[in-house]
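Descriptive structure summary
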Amino acid sequence: MTVCNHSDENPFQPEAARIVRQYDLIEDHRFFQVRFLDMERAMTFTYNPGQFLMLSIPGVGEAPFSISSTPSRPGILELGIRRMGKVTEALFNKSDNDVVYIRGPYGNGFNLDQMRGKDILIVAGGLGVIPLRSILYYVLDNRDQFERLFFLYGVRTPEEMLFRTEFFQLKERHDIECLYTVDKATTEWSEDVGVVTKLFTKLPEIDPHQTNAVICGPPVMYKYVIQELLKLKLPKNQIQMTLERRMKCGLGKCGHCALDHIYTCMDGPVFTYWDTLHFRELI
Amino acid sequence: MRILKMQPKFFQEFIESLNKFGTIYGPVKKDGVLKYDRVEAFDEVVFDGERPMIPIKKLFHPKKFDMFHFDKDGFTPDYSSIEKRVIIGVPPCEIHSLLRLDEIFMERPVDPYYAKQRENSAIIGYSCLPGESCFCKSTGTDIVEEGFDLFFVNLGKFYLVWVGSSLGHDMVLEREDYFDENVTHNDIEEYIDWRQARDKMFKASFDFKSMPDIMELSYNSPIWDYFADKCLSCGQCSMVCPTCNCYTVTDVLEVSPDTKGRRERYWDSCMFVDYSLVAGGHNFRGARADRLKLWYTHKLKAYANEYGKPACIGCGRCVRTCPVDINVLTVAQALTEMEVPAQ
Ligand SMILES: Cc1cc2nc3c(=O)[nH]c(=O)nc-3n(C[C@H](O)[C@H](O)[C@H](O)COP(=O)(O)OP(=O)(O)OC[C@H]3O[C@@H](n4cnc5c(N)ncnc54)[C@H](O)[C@@H]3O)c2cc1C
Ligand code: SF4
Ligand code: SF4
Ligand code: FES
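Quick look at the structure, then.

Calculation rules
Residues numbered from 1 in each chain as written. Chains lettered and ligands numbered in written order. Predicted model: local features only at pLDDT ≥ 70, side-chain atom pairs only at ≥ 80, totals over all residues. Heavy atoms only, no water. Helix = DSSP H or I, 4+ residues; strand = E, 2+ residues; numbered from the N terminus. Rg over C-alpha atoms; globule rule 2.2 N^0.38 Å. Buried < 20%, exposed > 50% of the residue type's maximum accessible area, 1.4 Å probe, protein only. Contact = heavy atoms within 4.5 Å. Lys, Arg positive; Asp, Glu negative; His and termini not counted. Charge placed at Lys NZ, Arg CZ, Asp CG, Glu CD. Phe/Tyr/Trp six-rings, centres within 6.5 Å; stacked < 30°, edge-to-face > 60°. Lys NZ or Arg CZ within 6 Å of the ring centre and 35° of its normal. Pairing = 2+ DSSP bridges. Axes fitted to C-alpha atoms, helices over the stretch in contact; angles between N-to-C directions. Near = heavy atom within 4 Å. Nonpolar A, V, L, I, M, F, W, Y, C, P; charged D, E, K, R; others polar. Salt bridge = Lys/Arg side-chain N within 4 Å of Asp/Glu carboxyl O.

Right, let's talk about the overall build of chain B for a bit. Each helix and strand in chain B was counted, giving 11 helices and 14 strands. The C-alpha atoms of chain B give 22 Å as radius of gyration, which agrees with the globular expectation for 343 residues (20 Å, within 12%). Along the three orthogonal principal directions, the C-alpha set of chain B runs to about 65 × 60 × 40 Å. When burial is assessed residue by residue, chain B has 56% of its 343 residues classed as buried. Counting contacts in chain B only where the partners sit at least 6 residues apart, residues at least 24 apart contribute 74% of the total. Once the 42 positive and 52 negative side-chain charges of chain B are each reduced to a mean point, those two points are 2 Å apart.

Dropping the structure here:
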């Protein structure tokens, strides 16, 4: 098989990657590890937590997905995919060793410079944990660059918790505080019950100027989480969130993700709360 | 800039001589329809006068083309439609529209399809006189200073020819004896008179400069609902607008036992209802008023923040095309006066 790597010449060029491993996270949500066929490309491909890539299945189409792995562990890219439509359905039908095509990375990613030396508060709801998992492991892999780390994750029911085994193992570490909650404990559940904002009552005292929060979750979640963060007096530009828009190119050309004069694919998908006040329509 | 003079009797021969530099394209009338296309015969070309409904963007950002072919070995880019071209008869507003599109497609990362078309196309501009719905004077796009290789101003008795690039210079060198270096004071006066007469011919105009502020201040105005109620979401305004760049992409499979096919790219419109739809059926812009706002924000405001000038180049195509009279002039007027147009 020939490997095309024209990405310098043609930024739309999808490059071949192999599915190394895959397993179901929960119903209709699957975890994928992929690696570029070109080994050198695989090892040199780098990105920021919070960036995304475009994944193609020839004949089916292309769609954007967040990178869920961390650049501190190069070689393999990890994705968490929800079965939604054409591309995702076709991806679910792939087996280990099958080839898919990717291009990227795209978007801005989280503002790491602003986060270094600070306490980090990661707040995830449902699927939103997929992009946040990247920053979570990035902070854990570069632990000395950050102060305290809090990871708050809420889902509707215990069956809907993604990366369950992994995240429960994290609870055993002493350099991270993990707080998990479900709206409703339909099955056995040892953690909190209630909406994710309830977890804020469990946080120790926080110095708002020394804290950076990153949020991702369903649209309804943002409002309530932001209220809590504002109560803690976090500056509006120290609240980062990753947003979703329809995207076709990822490169600021097709116009699909435009709002006001920004392109979500280039200027986002990570925005600060201040940005959302400044640009209407963002959330 | 180098300015030369040419007698009208040389014009056709000179234009025909340009095929040495590439296939000649221009506004041609075929079967009663005026469109930018290959020039087969000089007398099909319509210099100044009626304007093609579909703007020149189609030669650089085609309505539909194949980005890639794919098979079991992956995706191979298709640049087969790219050829050396000389595009003649291009009016100032269209030249401006290409400069606007450049800012989207030629900004890093460069779109190779558009860039290759641009690099392989010479632009031969041609002066025009404003039609009923032209308002390029309001948008500051009625004259050009860059973006062409040669520009012909038709002053009746003779042409003034601006040489805008080294390629343009080479074109002139090929037929040096057609050109006169000696542009006299009288010639310049004729040109100034022509400019003044042309300035007076504009019938449509509006105050473009205050639009970014007005747009910002009228974000919640009921005027948007008034227009939204009328809009048919047909997307024609986007198709005819020379600075609308939106597109979408689909894979098309060939009828074959193997996975083989092509990845097509074609024009899309932010006026279509599913344009901003994301997974889960959450539509950020389900309301027609919001889609109209996005369109007009792009034309009258957004672009100004980004590049210092709005995206509208005053060609008047939206004025001529929208079946329910939603266009830059009616929208700008309604927002400025805060009154819905009289029926
Ligand atoms: C920056 C970014 C990051 C993302 N990260 C992830 C991620 O990590 N994991 C993940 O699972 N998803 C992620 N998504 C969402 C993901 O891109 C979509 O779920 C994906 O595009 C679905 O593609 P599809 O071809 O499977 O679905 P499609 O076939 O496109 O359909 C998806 C759904 O959208 C609707 N829809 C789409 N197109 C139309 C149409 N033309 N008309 C009517 N309805 C339509 C339908 O409701 C359909 O169910 C991300 C999106 C963005 C923008
Ligand atoms: S908005 Fe209307 S007048 Fe302005 S460039 Fe587009 S079609 Fe022409
Ligand atoms: S504004 Fe006019 S041309 Fe544009 S979509 Fe609406 S009805 Fe169609
Ligand atoms: S996805 Fe095409 S412009 Fe952002």
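This paragraph deals with the packing of aromatic side chains. Evaluation of the coordinates by the stated rule reveals 44 aromatic pairs over all chains. Ring geometry for Phe 151 of chain A against Phe 167 of chain A: centres 5.1 Å apart, planes inclined by 75°, an arrangement best described as edge-to-face. On the criterion of sequence distance, the pair formed by Phe 151 of chain A in strand 8 (residues 149-155) and Phe 167 of chain A in helix 5 (residues 164-170) is long-range, its members being 16 residues apart. The exposure class assigned to Phe 151 of chain A is buried, which follows from its relative accessible area of 0%. Measuring from ring centre to ring centre gives 6.0 Å for Phe 168 of chain A and Trp 189 of chain A, while their planes differ by 85°; the resulting arrangement is edge-to-face. You can see Phe 168 of chain A sitting in helix 5 and its partner Trp 189 of chain A sitting in the loop between strand 9 (177-182) and strand 10 (192-193), a full 21 residues away along the chain. Residue classification places Trp 189 of chain A among the buried positions, given a relative accessible area of 13%. The structure contains a cluster of three or more aromatic residues connected by ring pairs, namely Tyr 23, Phe 31, Phe 151, Tyr 153, Phe 163, Phe 167, Phe 168, Tyr 180 and Trp 189 of chain A. Of note, Arg 41 of chain A hangs over the ring of Phe 36 of chain A, and the distance from its end group to the ring centre comes to 5.1 Å. It is Lys 57 of chain B that lies over the ring of Trp 267 of chain B; its NZ or CZ is 4.5 Å from the centre.

Further remarks concern the sheet that holds strand 9 of chain A. Residue and element names in this part refer to chain A. As summarised here, the arrangement of the 7 strands in space is 10-9-8-7-11-12-15, forming an open sheet in which the pairing is mixed. The sheet is open, and its two edges are formed by strand 10 and strand 15 (270-272), each paired on a single side. Contacting strand 7 (119-125), strand 8, strand 11 (211-216) and strand 12 (239-242), helix 4 (residues 129-141) crosses the sheet at an angle of about 155° to strand 7.

Glancing now at helix 3 (residues 112-119) of chain B. Residues and elements named next belong to chain B. Burial within helix 3 is extensive, with 6 of its 8 residues counted as buried. Buried within helix 3 are the following residues: Pro 112, Tyr 113, Tyr 114, Ala 115, Gln 117 and Arg 118. Packing partners of the buried residues in helix 3 comprise strand 4 (64-71), strand 5 (74-77), strand 6 (85-90), helix 2 (92-105), strand 7 (121-126) and strand 12 (261-267).

Moving on, we come to the site of ligand 3. Ligand 3 sits among Cys 231, Leu 232, Ser 233, Cys 234, Gly 235, Gln 236, Cys 237, Met 271, Cys 322, Pro 323, Val 324 and Ile 326 of chain B. Along the lines of polarity and charge, the residues of the shell around ligand 3 split into 9 nonpolar, 3 polar and no charged.

Our focus in this paragraph is the pattern of salt bridges. Counted by the stated rule, this structure contains 33 salt bridges over all chains. Between Asp 66 of chain B and Arg 262 of chain B there is a salt bridge whose closest N-O contact spans 3.4 Å. A residue pair is termed long-range when its members are at least 10 positions apart, and Asp 66 of chain B in strand 4 and Arg 262 of chain B in strand 12 qualify at 196 residues. Looking at Asp 66 of chain B, the relative accessible area reads 19%, which means it is buried. Among the salt bridges present, the one from Arg 265 of chain B reaches Asp 111 of chain B, with a minimum N-O distance of 2.7 Å. With Arg 265 of chain B in strand 12 and Asp 111 of chain B in the loop between helix 2 and helix 3, this pair connects stretches of sequence that are 154 residues apart. With respect to burial, Arg 265 of chain B and Asp 111 of chain B carry one shared label: buried. Through salt bridges that share partners, Glu 62 and Arg 103 of chain A together with Asp 251 and Arg 263 of chain B make up one connected network.

On to the sheet that holds strand 1 (residues 15-26) of chain A, then. Residues and elements named next belong to chain A. Taking strand neighbours across the sheet as the criterion, the 6 strands line up as 4-3-6-1-2-5 in an open arrangement whose pairing is antiparallel. At either end of the open sheet lies a strand with only one pairing partner, and these are strand 4 (61-66) and strand 5 (77-82). Going from strand to strand, the sheet's axes swing by 40° on average, the running direction of each strand aside. Summarising the sheet, strand 3 (residues 52-57) and strand 6 (residues 99-106) pair through 4 bridges and their orientation is antiparallel. Note on strand 6: the bridge partner recorded for Met 54 is Arg 103.

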